[in-house]
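Architecture at a glance
Each chain, letter by letter, is given below.
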Amino acid sequence: GPTQVLRKSLQRGLVLSTGSFLVYEAHKLICGFAEVHASFKVEDVIEQADYLYGSGETEKLYRLLVQHKNSDDAELLWRLARSSRDLAQLGSTSAEEKRQLTYDSLEYAKKALEKNESNFAAHKWYGICLSDVGDYEGIKTKIGNAIIIKEHFQRAIELNPKDATTIHLIGIWCYSFAEMPWYQRKIAATLFATPPTSTFQEYAANSHLNLFSCLYAADPNFYSKNLLFLGKTYLKLNNKKMALLWLSKAKEYPAQTEEDKQV
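Okay, so let's go over this structure. All values derive from a computational prediction rather than experimental measurement.

Counting its regular elements, the protein chain contains 13 helices and zero strands. When its helices and strands are written in sequence order, the protein chain yields α-α-α-α-α-α-α-α-α-α-α-α-α. The buried share among the 263 residues of the protein chain stands at 37%. Looking at the protein chain as shown, the accessible area adds up to about 15800 Å², and 56% of this sits on carbon and sulfur atoms.

Pasting the structure below:
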């Protein structure tokens, strides 16, 4: 009768609402899991990326990180900038690919800075990548960018005073200006009111040489290029004995990367 129909309708409604509730709860659970998963995902990718970087797996590392080029995470983005640059420097990379990767790396570093201005590595890699792009833009742009590059290196040191690579890079920056040819000095003079230039004697007096020495003392196996520049600087200062010492160390440095081989 009518009572039975009503009872069945109520039961059906209860089953439907229970089903809806279970679907809703499942949805909540899945979404909750997705949120938790997303929060761990960046850390997982970074951990994997750092393992590949330490293993010298340049191409695998790039393939991993380029999947995350639209990420909002500065830690991922600066690593992608570094990875793109490393891939560009491989001997197997064509000239066209190298150019594209060089410009891409600057974009990734720029995005990393936009996402987190207080990330020291983002400043460091922005400076490095801006310098690389200068090789394609001509000497005037390269010299014009030099001040911006140094500012980013200095900001990186402010944010992380213990980062040896950034201190080394400022040393390279000073070295580059110290050995700038006369025609480049003339370009610099038109771009800057006071060109950031110096002789090697001033360079030594300003403790840039000591800066390289301190880096070596802090970590003997820090960087092959550091050893090379120590040798080159001593050579410019006409101290052949010390130049030979550091250049020999650079020569004996175990070559792991393409850059080590070039050094």
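So, next bit.
So, on to the nonpolar core. Formed by 38 residues in total, the largest nonpolar core has its most connected members in Leu65, Leu106, Ala112, Tyr126 and Phe153. Sequence-distant contacts of Tyr126, that is, excluding residues within four places in its chain, are made with Leu106, Ala109, Lys110, Leu113 and His152. Counting eight residues, the second largest nonpolar core, distinct from the first, contains Leu228, Tyr234, Ala243 and Tyr253.

A word on the packing of helix H4 (residues 95-115) against helix H5 (residues 120-137). Two elements in contact, H4 and H5, have axes whose closest approach is 8 Å; the angle formed by their N-to-C orientations is 150°. Relative to H5, H4 is oriented so that their crossing is left-handed. In contact with Lys98, Arg99, Thr102, Tyr103, Ser105, Leu106, Ala109, Lys110, Ala112 and Leu113 of H4, H5 contributes Ala122, His123, Trp125, Tyr126, Cys129, Leu130, Asp132, Val133, Tyr136 and Glu137. Considered class by class, the residues forming the contact of H4 with H5 number 12 nonpolar, three polar and five charged.

Here the focus is the side chain of His123. For His123, the position within the fold is in helix H5. The buried category is assigned to His123, whose relative accessible area is 3%. Among the polar contacts made by the side chain of His123, one reaches the main-chain carbonyl oxygen of Glu117 at a distance of 2.6 Å. When residues no more than four places from it in sequence are discounted, the contact partners of His123 are Leu113, Glu117, His152, Arg155, Ala156 and Leu159.

Turning to its location among the elements, Leu76 is positioned in helix H3 (residues 74-88). As a C-alpha pair, Leu76 and Glu43 span 33 residues in sequence and 9.1 Å in three-dimensional space.

As a further point, take the environment of Thr165. The topology assignment puts Thr165 in helix H7 (residues 164-178). In this structure the side chain of Thr165 is engaged in a polar contact, spanning 2.9 Å, whose partner is the side chain of Asp163.

Rules behind the numbers
- Residues numbered from 1 in each chain as written.
- Predicted model: local features only at pLDDT ≥ 70, side-chain atom pairs only at ≥ 80, totals over all residues.
- Heavy atoms only, no water.
- Helix = DSSP H or I, 4+ residues; strand = E, 2+ residues; numbered from the N terminus.
- Buried < 20%, exposed > 50% of the residue type's maximum accessible area, 1.4 Å probe, protein only.
- Areas by Shrake-Rupley, 256 points an atom, 1.4 Å probe, with all protein chains shown as cover.
- Core = buried A, V, L, I, M, F, W, Y, C linked by side-chain atoms within 4.5 Å.
- Contact = heavy atoms within 4.5 Å.
- Axes fitted to C-alpha atoms, helices over the stretch in contact; angles between N-to-C directions.
- Left-handed = near helix turned anticlockwise from the far one by under 90°.
- Nonpolar A, V, L, I, M, F, W, Y, C, P; charged D, E, K, R; others polar.
- Polar contact = N/O pair within 3.5 Å; in protein donor to acceptor, adjacent residues only side chain to side chain.

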